[in-house]
Amino acid sequence: MKKVNAIITAVGAYVPDYILRNDELSRMVDTTDEWISSRVGIKERRILKGEGKGTSDMAVEAVKKIFAKTNTSPDEIDLVICATSTPDHIFPATANIISDKLDIRNAHSFDLNAGCSGFLYALDTGARFIESGARKKVLVIGADKMSSITDYTDRTTCVLFGDAAGAVLLEPSEEDSGIVDSILQSDGFGRVYLHMKAGGSVKPPSHETINNREHFVYQDGKHVFKHAVSKMADVSVEIMKKHNISPEELAWLVPHQANKRIINATAERMGIDKKQVMVNIEKYGNTTSATIPLCLYEWQNQLKKGDNIILTAFGAGFTWGAIYIKWAYDGDK
Ligand SMILES: CC(C)(COP(=O)(O)OP(=O)(O)OC[C@H]1O[C@@H](n2cnc3c(N)ncnc32)[C@H](O)[C@@H]1OP(=O)(O)O)[C@@H](O)C(=O)NCCC(=O)NCCS
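First, a word on what this report is: a plain description of the structure on this page. (Residues numbered from 1 in each chain as written. Predicted model: local features only at pLDDT ≥ 70, side-chain atom pairs only at ≥ 80, totals over all residues. Heavy atoms only, no water.)

A look at the sheet that holds strand S7 (residues 163-173)
The pairing of strands in a sheet happens through backbone hydrogen bonds and is either parallel or antiparallel. Keep this limit in mind: When DSSP locates at least two bridges between a pair of strands, those strands are taken to pair. Secondary structure counts use DSSP, requiring at least four H or I residues in a row for a helix and at least two E residues in a row for a strand, with both numbered from the N terminus. Lines fitted to C-alpha atoms define the axes, with helix axes restricted to the stretch in contact, and inter-axis angles between N-to-C directions lie between 0 and 180 degrees.
Spatially, the 5 strands line up as an open sheet ordered S1-S7-S6-S4-S5, and their pairing is mixed. On the outer flanks of this sheet lie strand S1 (5-14) and strand S5 (108-112), each paired with one strand and no other. Across this sheet, the average inter-strand angle for adjacent strands is 20°, counted without regard to direction. Here strand S4 (residues 79-83) runs beside S5; their pairing, made up of 5 bridges, is parallel. Among the inter-strand pairings, Ile 81 is bridged to a residue of S5, identified as Phe 110.

See below:
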């Protein structure tokens, strides 16, 4: 029997309408467009406005695009995985809420939290369900409403993040394409450098935690920066070597979008040209679990069947990894 591979058959994404530009941020905190552009590479980011709107609402819009493009009906979906660090609620899982809002009734669904590496972890998990034959149509979603956990009085973090959702549909194929391999890693030594101090079981919400502004992203940027570059480059090079892909044979590197300097340094260490790297951080900032599917969505018309693509990310945990994909279809079919 031929091996069953998991292939991506469609991509969808959604960004909210409201654009928060560097100029507006410079009126909120002591920062400048010049500092943000040169140190991070971001010009603007999207913010989800509206009472009662959460991560699930953006994810639903991303998945609707997949349904429309592929003529898939909700009852065909048999698994929904949502990678997020900003769930609608601590429970139930945001994937359950997305499924309900989309009328997906024949699937099991769950959330997965691996910080900014969430989409990679979710894609790998979804692929295993397909490869084992256990599931046939799997939605893998990366969605985050980072504005809900961003402290807009802290200039060191509030310039970095934005809101967005992206999703892919995974299906089985006997063709020699799809999710070929993955290297996923984590090391909890890094948990103190990028985390939320309160709101979980160790330190439940209280007047004190709110007064101390402990329900926001806390980051030691320098530490995270150093590890992000070396870890993303190391695993990307490792997976290329393992599959004998030379830099010239790589069609695209799709890196997590946290800082343009991190992306450039990673590409340089991998020996690849900037033209081979998807970068849209200037428009959206760091949307955590959504950055990679949002890139795939924006570049989908340029993707060709057989393209060698490497996805790589680094995030809270620390978590990091790389996934090697052989793209399964031409352009925007
Ligand atoms: C956050 C980050 C952009 C900060 O850039 P940096 O060059 O390391 O900047 P530093 O933290 O060293 O700060 C340098 C100076 O700029 C200041 N600064 C920080 N944010 C600023 C802002 N928005 N505007 C103006 N000045 C700012 C600092 O206060 C510091 O001033 P000082 O030297 O007087 O103390 C960068 O460290 C980074 O991208 N880290 C990794 C992020 C990441 O990958 N996350 C991964 C997953 S989410």
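Now that the structure has been shown, the text picks up again.
Some thoughts on the site of the ligand
Inclusion rule: The near set for a molecule or strand comprises every residue that places at least one heavy atom within 4 Å of it. Counting of polar contacts relies on pairs of N or O atoms within 3.5 Å, with two restrictions inside protein: one atom must be capable of donating a hydrogen and the other of accepting it, and residues adjacent in sequence are counted only when both atoms are side-chain atoms. Accessible surface is estimated by sampling points in the Shrake-Rupley manner with a 1.4 Å probe; for residues, cover comes only from the protein chains shown. Amino acid classes used here: Ala, Val, Leu, Ile, Met, Phe, Trp, Tyr, Cys and Pro are nonpolar; Asp, Glu, Lys and Arg are charged; the rest, including Gly, are polar.
The ligand sits among 21 residues. The nearest are Thr 31, Arg 39, Arg 155, Lys 222 and Asn 259. Note that an oxygen atom of the ligand is positioned 2.7 Å from one of the side-chain N or O atoms of Arg 39. Here the ligand, which alone exposes 970 Å², has 74% of that area covered by the protein. Secondary-structure elements contributing two or more residues to the shell around the ligand are helix H2 (33-39), helix H6 (155-158), helix H8 (221-242) and helix H9 (260-270). Among the elements that line the shell around the ligand, the one with the most residues is H8, at 4 residues. In the shell around the ligand, the residues fall into 10 nonpolar, 6 polar and 5 charged.

Looking at the sheet that holds strand S11 (residues 252-255)
Taken in spatial order, the 4 strands line up as S8-S13-S12-S11 in an open sheet, and their pairing is mixed. Since the sheet does not close on itself, it has two edges, and those belong to strand S8 (178-186) and S11, each with one partner. Adjacent strand axes in the sheet meet at a mean angle of 15° when their direction is disregarded. Across 8 bridges, strand S12 (residues 308-315) lies against strand S13 (residues 319-326) in antiparallel orientation.

Overview of the nonpolar core
The following threshold applies: Each nonpolar core is a collection of buried residues, namely Ala, Val, Leu, Ile, Met, Phe, Trp, Tyr and Cys, held together in the definition by side-chain atoms within 4.5 Å. With a 1.4 Å probe rolled over the protein chains alone, any residue whose accessible area is under 20% of its type maximum counts as buried; one over 50% counts as exposed, and the rest are partly exposed. In this description, contact between two residues means that some pair of their heavy atoms is separated by no more than 4.5 Å.
Ranked by size, the top nonpolar core spans 41 residues in total, and within it Leu 250, Leu 253, Ile 272, Val 277, Ile 310 and Phe 314 carry the most contacts. Those elements that provide at least two residues to this core are H8, H9, S12 and S13. Broken down by element, this core gets its largest block of residues, 7 residues, from H8. Non-local contacts of Val 277, meaning those with residues more than four positions away in its chain, are made with Trp 252, Leu 253, Pro 255, Ile 263, Ala 267 and Ile 272.

Looking at the side chain of Thr 72
Of note, Thr 72 is situated in the loop between helix H3 (55-70) and S4. Judged by relative accessible area, Thr 72 falls into the buried class, the value being 8%. Within polar-contact distance, the side chain of Thr 72 engages the side chain of Thr 70 at 2.6 Å. Discounting chain neighbours no more than four positions away, the residues touching Thr 72 are Phe 67, Ile 77, Lys 137 and Leu 169.

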